[in-house]
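Observations on the three-dimensional arrangement
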Amino acid sequence: MNNPQLDKNGKLKHLLSIEGLPRAILTQILDTAESFTGVSEREVKKVPLLRGKTVCNIFFENSTRTRTTFELAAKRLSADVVSLNVGTSSQSKGETILDTVDNLIAMHADMFVVRHSQSGAAHFIARHVGPDIHVINAGDGRHSHPTQGLLDVFTIRRYKPDMHNLRVAIVGDVLHSRVARSEIHALTTLGVPEVRVIAPKTLLPVNVEKLGVQVYHDMAEGLKDVDVIMMLRLQNERMSGALLPSAQEYFKCYGLTQEKLALARPDAIVMHPGPMNRGVEIDSSVADGNQSVILPQVTYGIAVRMAVMTLLAGNSEAA
Amino acid sequence: MSLPDAEQLLAKLADDIRPLLGKNTALVGIHSGGAWLAERLQSLLGGNIPLGTLDISFYRDDFNRIGLHPQTKPSHIPFEVEGSHIILVDDVLYTGRTIRGAMNELFDYGRPDKITLAVLVDRGGREMPVEAQIIGTRLAIKPGENLELVRDAAGAFHLKLNEAA
């Protein structure tokens, strides 16, 4: 099988999607991230692993949180970091993606973190670069956002260590969400027995059942007895055409309120990848409530990205 | 060669450490053998000395050659390093590279007043200017051989010598 993420020895070379990642590598990333959580709590929040390496964040699409956490992760590994918002620079002057990348390689970049509105952009760059350069997909179109999926399962594992005994519900705009796909793949790979998706028919991809999930259209049924509720952002900016009557109507049916949360298990945790639309997919009292782990997700995001960068850099051809 | 009894060496370490204990003393063991030893030393020395563990995977000097160690464990330092006297514990002192990494990591928690190195076995073969102050025993082990501490099901320690692969 030709898996562009792995080198000939089966080691992780690029992180492009969670699909096709063996369970052993997933577990290794999560275990390594566990060690990095402590680093961020110390007096000196840095380790010397990527000293002398240059990490380039190329964001063809804006995302402040994702870019910031990647930047911090690289800096805490002692790498030099350059962040480019390409949407506002060369591309608007007509430069192609590969020209942008080649220019950065000429500046001796060692790793690229790529965000693009087109699915497959990170794969495209990964195929282009030489053997010692690593590519991390930081979100491509509707396709994949692997580090978000990883940090979500890392958060779940921290709060609910027994993954083989969990019911997880993913609620909302699965159709436009690259996070949902990454989450579903990670959860099923790690042996979570029951993953549910809850959404109106218009916000579900065709054949979503084939991803190994149970489909619900009603919150009251879908949330019953779940341990984890993963809310998705209603992707307003991606919404084309009339998939929903109105945001108010959506909140009434699918917004997570205290009443709906009460249907889940009493110790259920509530997650959201951000940025939140308060009052659309989630009520403020839930987002700020004591079952919410939304801010810990952000904190763990740094440790998980440090783990991914370290494993990639440690698997260089010379290594 | 016949190897010395690890439990007797451990008792000797405890005896040698005891006079050094002060109010800021803490034990830090290096994963995994040193962490086991530090845990046992804590109970041999009365049980209320602060105890920490280090996994130096993030500080190894061979990361660029061999990548990350396949299994890393979180380091755990549950006391104030600033101003402390740390007894750093490891099972086998060899090249000195592990100790260099461990000291670098400790300094990222704070500035200790003093670090004392205690090892069960000094096998020679140093590549760094690192020496232990407290030594269970010195053994001459050939470069190709691997001396390690093992812990049996009952929790007792043994030294084990393996030929290099």
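Here we take up the overall build of chain B. What chain B contains, in helices and strands, is four helices and seven strands. Relative to the 2.2 N^0.38 estimate, which gives 15 Å for 165 residues, the radius of gyration of chain B is 15 Å and therefore close to what a compact globule would have. The proportion of buried residues among the 165 residues of chain B is 39%. When contacts within chain B are restricted to residue pairs at least 6 apart in sequence, long-range pairs at least 24 apart make up 68% of them.

For the rest of this paragraph, the subject is the overall build of chain A. Counting its regular elements, chain A contains 11 helices and nine strands. On C-alpha atoms alone, chain A measures out to a radius of gyration of 19 Å, which is about the 20 Å that the 2.2 N^0.38 rule sets for 319 residues. Oriented by its inertia axes, the alpha-carbon framework of chain A measures out at about 55 × 40 × 40 Å. Sorting the 319 residues of chain A into buried and exposed places 46% on the buried side.

This next bit is on the interface of chain B and chain A. With 16 residues of chain B at the contact, the number on the chain A side is 17 residues. In terms of residue class, the side of chain B that touches chain A is made up of seven nonpolar, five polar and four charged.

On to the environment of T27 of chain A. Residues and elements named next belong to chain A. One can find T27 in helix α1 (residues 23-39). Residue classification places T27 among the partly exposed positions, given that 13 C-beta atoms sit within 10 Å. Separated by 163 residues in sequence, T27 and L190 place their C-alpha atoms 7.9 Å apart.

Whether parallel or antiparallel, the strands of a sheet pair through hydrogen bonds between backbone atoms. Residues and elements named next belong to chain B. The strand order β2-β1-β3-β4-β5 describes an open sheet built from five strands, whose pairing is parallel. Strand pairing shows two members of the sheet lacking a second neighbour, β2 (51-54) and β5 (134-138), which therefore form its edges. Adjacent strand axes in the sheet meet at a mean angle of 25 degrees when their direction is disregarded. Here strand β4 (residues 114-122) runs beside β5; their pairing, made up of four bridges, is parallel. Directly across from V119, in β5, lies its bridge partner I135. Strands β3 (85-93), β4 and β5 of the sheet are contacted by helix α1 (residues 6-17), whose axis makes an angle of about 150 degrees with β5. Packing of helix α2 (residues 33-44) onto the sheet brings it into contact with β1 (25-30), β2, β3 and β4, and relative to β1 it is tilted by some 150 degrees.

This part takes up the sheet that holds strand β5 (residues 167-171) of chain A. Residues and elements named next belong to chain A. Ordered by their spatial adjacency, five strands build an open sheet running β7-β6-β5-β8-β9, and the pairing between neighbours is parallel. Of all the strands in the sheet, the pair left with one neighbour each is β7 (214-216) and β9 (269-271). Ignoring which end each strand starts from, the neighbouring axes of this sheet average 20 degrees apart. Taken together, the four bridges between β5 and strand β8 (residues 228-231) define a ladder with parallel strand orientation. Along β8, the bridge assignment pairs I170 with M230.

With that settled, the discussion passes to the packing of helix α3 (residues 97-106) of chain A against helix α4 (residues 121-128) of chain A. Residue and element names in this part refer to chain A. One way to put it is that α3 packs onto α4 with a least axis distance of 11 Å and a crossing angle of 50 degrees. Looking at the two axes, α3 sits oblique to α4. Crossing of α3 over α4 shows right-handed handedness. Only A121, F124, I125 and H128 of α4 make contact with α3, whose side of the interface consists of I97, L98 and V101. Taken together, the residues that form the contact of α3 with α4 break down as six nonpolar, one polar and no charged.

As a further point, take helix α4 (residues 97-107) of chain B. Residues and elements named next belong to chain B. Residues of α4 that are buried include every one of T98, I99, G101, A102, E105 and L106, and no others. End-on, the buried residues of α4 take up no more than an arc of 160 degrees, which puts them together on one face. Buried positions along α4 lie against β1, β2, β3 and β4.

Here we come to unusual backbone geometry. In this structure, the amide linkage connecting G274 of chain A to the following residue, P275 of chain A, adopts the cis form with an omega of -10 degrees. With an omega of -10 degrees, the peptide bond running from H31 of chain B to S32 of chain B counts as cis. Within the secondary structure layout, S32 of chain B lies in the loop between β1 and α2. One non-glycine residue with positive phi stands out, namely H108 of chain A, at about 65 degrees. Look at H108 of chain A and you get exposed, because 10 C-beta atoms sit within 10 Å. Even without a glycine there, the phi angle at D225 of chain A is positive, about 65 degrees. Looking at the secondary structure, you find D225 of chain A in the loop between α7 (219-222) and β8. Given 11 C-beta atoms within 10 Å, D225 of chain A falls into the exposed group.

A word on the nonpolar core. All names here are of chain A. Counting 135 residues, the largest nonpolar core has V171, I229 and M309 as the members making the most contacts within it. Top contributing element to this core by residue count: helix α11 (residues 294-314), with 12 residues. The residues that make up this core include at least three from each of domain 1 (23-145 + 299-314) and domain 2 (146-293). Leave out the neighbours within four places in its chain, and V171 touches I198, A199, I229, M230, M231, L232, Y254 and L256.

Within α4 of chain A the residues assigned to the buried category are A121, A122, H123, I125 and A126 of chain A. Contacts from the buried residues of α4 of chain A go to α3, β3 (111-116) and β4 (134-140) of chain A.

All names here are of chain A. According to the domain assignment, chain A consists of domain 1 (23-145 + 299-314) and domain 2 (146-293). Between the C-alpha centres of domain 1 and domain 2 there is a distance of 26 Å. Each side of the interface is counted separately: domain 1 has 21 residues, and domain 2 has 19 residues. Elements that contribute at least two residues to the side of domain 1 that touches domain 2 include exactly α1, β4 and α11.

Calculation rules
Residues numbered from 1 in each chain as written. Chains lettered and ligands numbered in written order. Predicted model: local features only at pLDDT ≥ 70, side-chain atom pairs only at ≥ 80, totals over all residues. Helix = DSSP H or I, 4+ residues; strand = E, 2+ residues; numbered from the N terminus. Rg over C-alpha atoms; globule rule 2.2 N^0.38 Å. Buried ≥ 20, exposed ≤ 12 C-beta atoms within 10 Å, placed from the backbone. Contact = placed C-beta atoms within 7 Å. Nonpolar A, V, L, I, M, F, W, Y, C, P; charged D, E, K, R; others polar. Pairing = 2+ DSSP bridges. Axes fitted to C-alpha atoms, helices over the stretch in contact; angles between N-to-C directions. Parallel < 35°, antiparallel > 145°, perpendicular 65-115°, else oblique. Left-handed = near helix turned anticlockwise from the far one by under 90°. Arc of directions from axis to C-beta. Core = buried A, V, L, I, M, F, W, Y, C linked by C-beta atoms within 7 Å. Domains from an automatic or database assignment.

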